[in-house]
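Here's the letter readout for the chains.
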Amino acid sequence: MFWSVAYAGASSIDNLLKSSDGFTIEQLLDADELLQECKSQNATLIAFLAEPESMRKLVEYVIEMPSETDSEERRYKYPFVASEVLSCDVDALRAELLSPPRRLVPQLLSLLDAPPPLPPVLVGYVGKVLISLFKYAPDKFLLYFTELWAADPDSPYSLSKLLPLLLRHLGSDAVLQMLTVLCGGEPNGGDGPPHQQSSSSTSWIPHAQLVPALLDNLSCADPESVQNSAQLLGSLLDGTVGMLPCLCEPKDEARQRCRQLVANCLGGTLTAGGALNLSALDVLLRTLPRACDAATQGTTTPLEAMLVAIAEAADAFFMALATPAPLPPRIARFLPTSDLETMPRPQAAQRTKLLSLFEEALRVKHSCDAHRSILEALRQLGFYQVVLDLLLLPHTCNAIHIRAASIVEETLKMEGSHDALLMRQALLQDAQLARRLVDFCEAESIARIRPTCYAFVMSLCTALKECAARDATVAAALETVDCWSATASADGALGHWEAVHSKPLGGRLPTRSSDIDDDSDGDGDLGSNVRDVQRTLTAQSAFRSDASRDDDEDDEDDEPGHSSEYLEQFAQTLSQLNFLNDMNHGLDAAANDDGTHIPEEWSSDANWSAEFDADGEWPDGEADGPSGELPPIVSAPATAAALLDFDDFDDAAQNGNGGESGGAEEGKDTDGSNGLLASNGGWDAEFEQVPPAPAPAPAADESWAAAFLPPDAAEAKSVEAPKRTEFEMYV
């Protein structure tokens, strides 16, 4: 809570309910806190809203269309707020709605009595209230309608009369959504199927009556109603398993209904000339695979009836591949009559669904006369020539490419029966599949930009090559095609395609050997260095444990954190790492630019060492030397023993000032070096290579590379006050 309830005043709803002058339902609907008070279970408010007169008034605001002379609140706010109140999770209000004597639900359904089209906003409000009641208690909701239909069969809202009303207004998307939830299941919200009902008995409208009515409604004159009927049937199919019962039994009615479904795909007739009904065709495509599955389980009635109807209409379906799709009425009504025949029509959806239908017919494993008739009709009509045209001729619709390539691959996979051999012969000889693929590859091999179907052509070449490997007749047919062997060889178009696509994305997998530069200074594997550091830290931990038990040792080198053993091992580990790997080439280049010759033994493969310089003094204790020169710098190569005595840095050294020496004998350090490691003096380090043999000192110059020359050359130079290097900061 970000505020204190002690300072919160009474809500406007409470003030209104306590008003001595009384109040109306409209005043409550005007209050902004009404919905909040309802959800917070305000007992006084809920008691008033649950009164029969208040409930009747709320329902009227939901279903009655306001007039143009009504106020803005009456036209917009009151219907919305009333629907929200009726949909609230309040048991008292839902109990009143599902009370048979009140007849409030029939009052809500009375909106369906109006002629189409219904007001979409009001239909949405009614659907929202009914869906909330169904979700609240499905059993109570279904029991209410069961008792309502049984008590008054002649009621205008009995099942026999309510279903035609719903189908008449099925062109409304709000009605479709309401029926989808109440009869098919809650939509998933994603790309997956809807939430399945436990059985058809939990459907508001029983599937035994709803599905046949929807199948018959596919021949409706209203295209939007037909489209929504197909969508609702698809939702019911997604929410159930197996074949629709009305398409299986009784057999005579099932055969007639299956035949009518195929006829609806062609506008109600099985002959050519009718407009293609894509919505009905979509239902057929969803039903045909289930009919094939049912045939494998012994129920062959729906599959055989559908195949017979498709065989009769094979010419009409084939002609629809080349027939322009009609413009939808919702678009055609805005165009002049002279433009209806000249306007371009999209044909991808129509051709894709027709190709899917023929593909499903090829996949049927149930051998019957109707199936053989379909295959024979496709051979005589030159079906595969059209399929290859749709695949190879220039266009950019990959949906058609997918379906055409899938049909060719399905034909190549057909084996065993005589019909399969005939279809493969029609594809290879009549349609000349191999010849057309070779010609396409030769024509496109010189093109700068390859067409969108090129990948599908390569996949068909691969499938054809595999088919020839297992079938001698296919191999013999390919031998008669010129240039096929060249196209399918490793140097041909197919070989180049496979080589490109067999290469892993991103190149070769990285390895340690590829990561290490050929010019590296023997750093070794990174994992070994890590293991060395880990072993060093383990040794340090063990030493600290031993040091805590050994209280008699006062040697500074053996204190925890300054262990000679630890520092020696750590210094050895650091000496194996080349921190100057990236500086070798720059040093060599700088030296070569100045004409300085660097011996080969001083190259990047030589050993590197660090020289530590102390702020020295003149021998006679003079603060300044002759002519104000700085004291000489005493330097020696750093060793592991020298690193052990390395303690602290003098703060003054950061500014270039020498500090007073203390804690060590002047002129001699703990390791015996003269003035090398003064405990409080300012320290600096210079990196240089140690040559395996003495060499003549290079000529002194003022370049930055002089600091990395051998010790003899470094001592010959006048060195200014040194600054702390990166190595000092690291140690």
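Here the focus is the overall build of the protein. Scanning the protein for helices and strands turns up 36 helices and 2 strands. For the protein, buried positions account for 42% of its 731 residues. Here the protein has roughly 39,600 Å² of accessible surface; of this, 52% comes from carbon and sulfur atoms.

This paragraph deals with the state of the cysteines. Defined simply, a disulfide is a covalent bond joining two cysteines at their sulfur atoms. A full pass over the atoms with the stated rule returns 0 disulfides. No disulfide involves Cys248; its sulfur sits 7.5 Å from that of Cys258, the nearest cysteine. Summary of cysteine pairing: Cys368 is not part of a disulfide, and the nearest cysteine sulfur, belonging to Cys292, is at 9.8 Å.

Another aspect to go through is helix α16 (residues 278-296). Helix length check: α16 (19 residues) gives 28 Å between terminal C-alpha atoms against 27 Å at 1.5 Å per residue, within 8%. Put simply, Asn277 is the residue that caps the front of α16, since its side-chain oxygen is 3.2 Å from the backbone nitrogen of Ser279. Residue Gly298 follows α16 closely and has a positive phi angle near 105°.

What follows covers unusual backbone geometry. In the segment running from Pro116 into Pro117, the intervening peptide bond is cis, with an omega of 0°. Mapped onto the elements, Pro117 comes out in the loop between α8 (104-109) and α9 (120-136). With an omega of -10°, the peptide bond running from Glu249 to Pro250 counts as cis. One can find Pro250 in the loop between α14 (223-238) and α15 (251-265). Phi is positive for Gln432, close to 55°, though the residue is something other than glycine. With respect to the helices and strands, the residue Gln432 is situated in the loop between α24 (418-430) and α25 (433-444).

Okay, the packing of aromatic side chains next. Going through the model one piece at a time under the given rule, you end up with 13 aromatic pairs. Pairing Phe358 with Phe383 gives two aromatic rings, centres 5.0 Å apart and planes at 55°, and the pair type is tilted. Here Phe383 lies in helix α22 (residues 383-392) and Phe358 lies in helix α20 (residues 348-363), a separation of 25 residues in the sequence. Their ring planes at 65° and their centres at 5.6 Å tell us that Tyr454 and Trp497 sit as a pair that is edge-to-face. Note that Tyr454 is positioned in helix α26 (residues 454-470) and Trp497 in helix α29 (residues 493-502), a separation of 43 residues in sequence. An aromatic cluster of at least three residues, connected via ring pairs, comprises Phe134, Phe141, Tyr144, Phe145, Trp149 and Trp204.

Next up on the list: the side chain of Asp419. Along the chain, Asp419 falls in helix α24. Although Asp419 is buried, it makes no salt bridge; Arg372 carries the closest opposite charge, 4.6 Å away. Those residues within four positions of Asp419 in sequence are excluded, and the remaining contacts are Arg372 and Leu375.

As a further point, take empty space enclosed by the protein. What the rule picks out here adds up to 6 cavities of 30 Å³ or more. Taken as a whole, the second largest cavity spans an internal volume of roughly 50 Å³. Surrounding the second largest cavity, Leu108, Leu109, Leu111, Leu112, Val123, Val126, Gly127 and Met178 form its lining. Elements represented by at least two residues in the lining of the second largest cavity include exactly α8 and α9. Looking at which element gives the most residues to the lining of the second largest cavity, the answer is α9, with 3 residues. Residues that form the lining of the second largest cavity fall into these classes: 7 nonpolar, 1 polar and no charged.

This next bit is on the packing of α9 against helix α10 (residues 138-151). At a minimum axis distance of 5 Å, the contact between α9 and α10 shows a crossing angle of 115°. Taking contact as the criterion, the partners of Leu130, Leu133, Phe134, Lys135 and Tyr136 in α9 are, on α10, Pro138, Lys140, Phe141 and Leu142. Looking at the contact of α9 with α10 residue by residue, the class counts come to 7 nonpolar, no polar and 2 charged.

In a soluble, globular protein the nonpolar side chains are often hidden away together inside. Leu28, Phe141, Trp204 and Leu464 are the most contacted members of the largest nonpolar core, which totals 171 residues. Not counting the four nearest positions on each side in its chain, Trp204 is found in contact with Leu109, Phe141, Leu142, Phe145, Trp149, Leu162, Leu166, Met178, Leu179, Leu182 and Cys183.

Taken over all residues, the pLDDT of the protein has a mean of 76, while the share at 70 or more is 66%. Contacts from residues 1-8, a stretch scored under 50 in pLDDT, to residues over four places away or in other chains number 0 contacts. Segment residues 698-711 is flagged for pLDDT under 50; beyond a separation of four residues in sequence, or across chains, it makes 30 contacts in the model.

This brings us to the environment of Ala291. Structurally, Ala291 is set in helix α16. Separated by 13 residues in sequence, Ala291 and Glu304 place their C-alpha atoms 8.8 Å apart. Residues in contact with Ala291, not counting those within four places in the same chain, are Met243, Thr299, Pro302, Leu303 and Met306.

Where helix α13 (residues 207-216) contacts α14, the two axes come as close as 9 Å, and the packing angle between them is 140°. When the axes of α13 and α14 are compared, the pair comes out oblique. Here the hand of the crossing between α13 and α14 comes out left-handed. Between α13 and α14, the contacting residues are His207, Leu210, Val211, Leu214 and Leu215 on the first element and Ser229, Leu232, Leu233 and Leu236 on the second. When the residues that make up the contact of α13 with α14 are grouped by side-chain class, the tally is 7 nonpolar, 2 polar and no charged.

Our focus in this paragraph is the environment of Val364. Relative to the helices and strands, Val364 resides in the loop between α20 and α21 (369-380). The exposure class of Val364 is buried, given its relative accessible area of 4%. For Val364 and Ala295, which are 69 residues apart along the polypeptide, the C-alpha to C-alpha distance reads 9.9 Å. Discounting chain neighbours no more than four positions away, the residues touching Val364 are Cys292, Leu303, Leu307 and His371.

Attention shifts here to the pattern of salt bridges. Counted by the stated rule, this structure contains 20 salt bridges. For the salt bridge of Glu96 with Arg102, the shortest nitrogen-to-oxygen distance reads 3.0 Å. Of the residues examined, Glu96 reaches a relative accessible area of 17% and is grouped as buried. Here Arg363 ties to Glu410 by a salt bridge, and the two come within 3.6 Å at their closest N and O atoms. Highlighted residues: Arg363 in helix α20 and Glu410 in helix α23 (residues 398-413), separated in sequence by 47 residues. Accessibility expressed as a relative area gives 35% for Arg363, which makes it partly exposed. Sharing partners across several salt bridges, the network here consists of Glu359, Glu360, Arg363, Arg403 and Glu410.

The rules behind these values
- Sequence order as written defines residue numbering, which begins from 1 separately in each chain.
- Two thresholds apply to this predicted model, a pLDDT of at least 70 for residue-level local features and 80 or more for giving and counting side-chain atom pairs, whereas whole-chain, interface and lining totals are computed over all residues.
- Where side-chain values are given, they derive from all heavy atoms of the structure, hydrogens and water being excluded.
- Secondary structure elements follow DSSP: runs of H or I no shorter than four residues count as helices, runs of E no shorter than two count as strands, and numbering proceeds from the N terminus.
- Accessible area is worked out with a 1.4 Å probe on protein chains only. A residue is then buried under 20% of its type maximum, exposed over 50%, and partly exposed in between.
- Only the protein chains shown count as covering a residue, and every accessible area follows the Shrake-Rupley method with a 1.4 Å probe.
- In what follows, a disulfide is any cysteine sulfur pair within 2.5 Å.
- Here, expected helix span is obtained from the residue count minus one, scaled by 1.5 Å.
- Polar contact is the term for a pair of N or O atoms within 3.5 Å; when the atoms are in protein, one must be able to donate a hydrogen and the other to accept it, and sequence-neighboring residues count only if both atoms are side-chain atoms.
- Side-chain rings of Phe, Tyr and Trp, where Trp is taken by its six-membered ring, are said to pair if the distance between their centres is within 6.5 Å; with planes under 30 degrees apart they count as stacked, over 60 as edge-to-face, and otherwise as tilted.
- Counting rule applied: Lys, Arg positive; Asp, Glu negative; His and chain ends not counted.
- What counts as a salt bridge is simple: a side-chain nitrogen of Lys or Arg found within 4 Å of a carboxyl oxygen of Asp or Glu.
- Only heavy atoms enter the contact rule, under which two residues are in contact if any of them lie within 4.5 Å.
- Cavity: a set of points on a 1 Å grid over the protein atoms alone where a 1.4 Å probe fits but cannot get out. Pocket: an open set with protein on both sides within 12 Å along at least five of seven lines, its lining residues, like those of a cavity, having an atom within 4 Å of a point.
- Grid points are joined across faces, edges and corners, and a volume is the space filled by probe spheres set on the points.
- Three residue categories are used. Nonpolar comprises Ala, Val, Leu, Ile, Met, Phe, Trp, Tyr, Cys and Pro, charged comprises Asp, Glu, Lys and Arg, and polar comprises the others, including Gly.
- Here an angle of 0 to 180 degrees is reported between the N-to-C directions of two axes, which are lines fitted to C-alpha atoms, with helices fitted over the stretch in contact.
- Residues belong to a common nonpolar core when they are buried Ala, Val, Leu, Ile, Met, Phe, Trp, Tyr or Cys residues joined through side-chain atoms within 4.5 Å.
- Known as pLDDT, the predictor's confidence for each residue is given on a scale from 0 to 100.
- When describing relative orientation, an angle under 35 degrees is termed roughly parallel and one over 145 degrees roughly antiparallel, while 65 to 115 degrees is termed roughly perpendicular and anything else oblique.
- Definitions for this section: a left-handed crossing has its near helix turned counterclockwise from the far helix by less than a right angle. A right-handed crossing has that turn clockwise.

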